[in-house]
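Structural overview for review
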Amino acid sequence: MKGFPDLPPLWLLACLLLTWALASWLPLASFAGPVATFISVILLLLGLGLIAWSASWFYQKQTTIEPHHTPRVLIVEGPYKVTRNPIYLGMVAIAAAAVFWHGALITLPLPAIFALILQRRFIEPEEIALHLTFGDTALDYISRTRRWL
């Protein structure tokens, strides 16, 4: 759709809605229970915490957090020492939390599919933009820091 904002949180929302719909309409097999609920809460808290911590670095460095915009600073501190995409990793954790919350076996592949969408639509173009903007410094960072974990 032309003019539709292509933003990762909207893709996360779509993934969460699809998880809910599949769990509601096709509950073929379930792994729901107190352990799955506990895992869900932990994943949700970890995901939200990682997103907040990561986003705070954009604020501290006064650069754009929005995909498809050119950053002014290459952030390599905090969670960015461990993973190049902590915000996306947090979003995948939230998607996984929804899967565990609903406990429907049919929803298990959704976080992996969501991660693949993030990688193709956002991460790969962002890595190219980092290289174009920051040159060898970006290549060095990309070569020594994992994309996910």
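Refer to the structure presented above.
What comes next is a walk through the structure. (Residues numbered from 1 in each chain as written. Predicted model: local features only at pLDDT ≥ 70, side-chain atom pairs only at ≥ 80, totals over all residues. Heavy atoms only, no water.)

1. Details of the overall build of the protein
- Secondary structure summary: the protein contains five helices and zero strands in total.
- If you list the helices and strands of the protein from N to C, you get α-α-α-α-α.
- Counting only C-alpha atoms and orienting by the principal axes, one finds that the protein spans roughly 50 × 35 × 25 Å.
- Counting over 149 residues, the protein shows a buried share of 39%.
- For the protein, the share of sequence-separated contacts (at least 6 apart) that also reach a separation of at least 24 residues comes to 76%.
- Just so you have it, the protein exposes about 8,800 Å², and 70% of that area is on carbon and sulfur atoms. (Helix = DSSP H or I, 4+ residues; strand = E, 2+ residues; numbered from the N terminus. Buried < 20%, exposed > 50% of the residue type's maximum accessible area, 1.4 Å probe, protein only. Contact = heavy atoms within 4.5 Å. Areas by Shrake-Rupley, 256 points an atom, 1.4 Å probe, with all protein chains shown as cover.)

2. Looking at the pattern of salt bridges
- Inspection of every chain in the model, using the stated rule, returns six salt bridges.
- With a closest N to O distance of 2.8 Å, D6 and R121 form a salt bridge. You can see D6 sitting in the segment before α1 (8-25) and its partner R121 sitting in helix α4 (residues 110-134), a full 115 residues away along the chain.
- Look at R121 and you get partly exposed, because its relative accessible area is 37%.
- A salt bridge links E127 to R84; its shortest N-O distance comes to 2.5 Å. One end of the pair, E127, is in helix α4; the other, R84, is in the loop between α2 (34-61) and α3 (86-102), with 43 residues separating them in the sequence.
- Owing to a relative accessible area of 13%, E127 belongs among the buried residues under this scheme. (Salt bridge = Lys/Arg side-chain N within 4 Å of Asp/Glu carboxyl O.)

3. Comments concerning α4
- The terminal C-alpha atoms of α4 lie 34 Å apart, and with 25 residues this matches the ideal 36 Å at 1.5 Å per residue to within 8%.
- Taking the largest bend as the criterion, α4 deviates by roughly 45 degrees, centred on Q119.
- When we look at burial in α4, the residues that qualify are L110, P111, F114, A115, L118, Q119, F122, I123, E127 and L130.
- Looking at the buried side of α4, the elements it contacts are α1, α3 and α5 (136-144).
- Looking one or two residues beyond α4, the residue adopting positive phi is G135, at roughly 60 degrees. (Expected span 1.5 Å × (residues − 1). Bend = angle between axes of the 7 residues up to and from the residue.)

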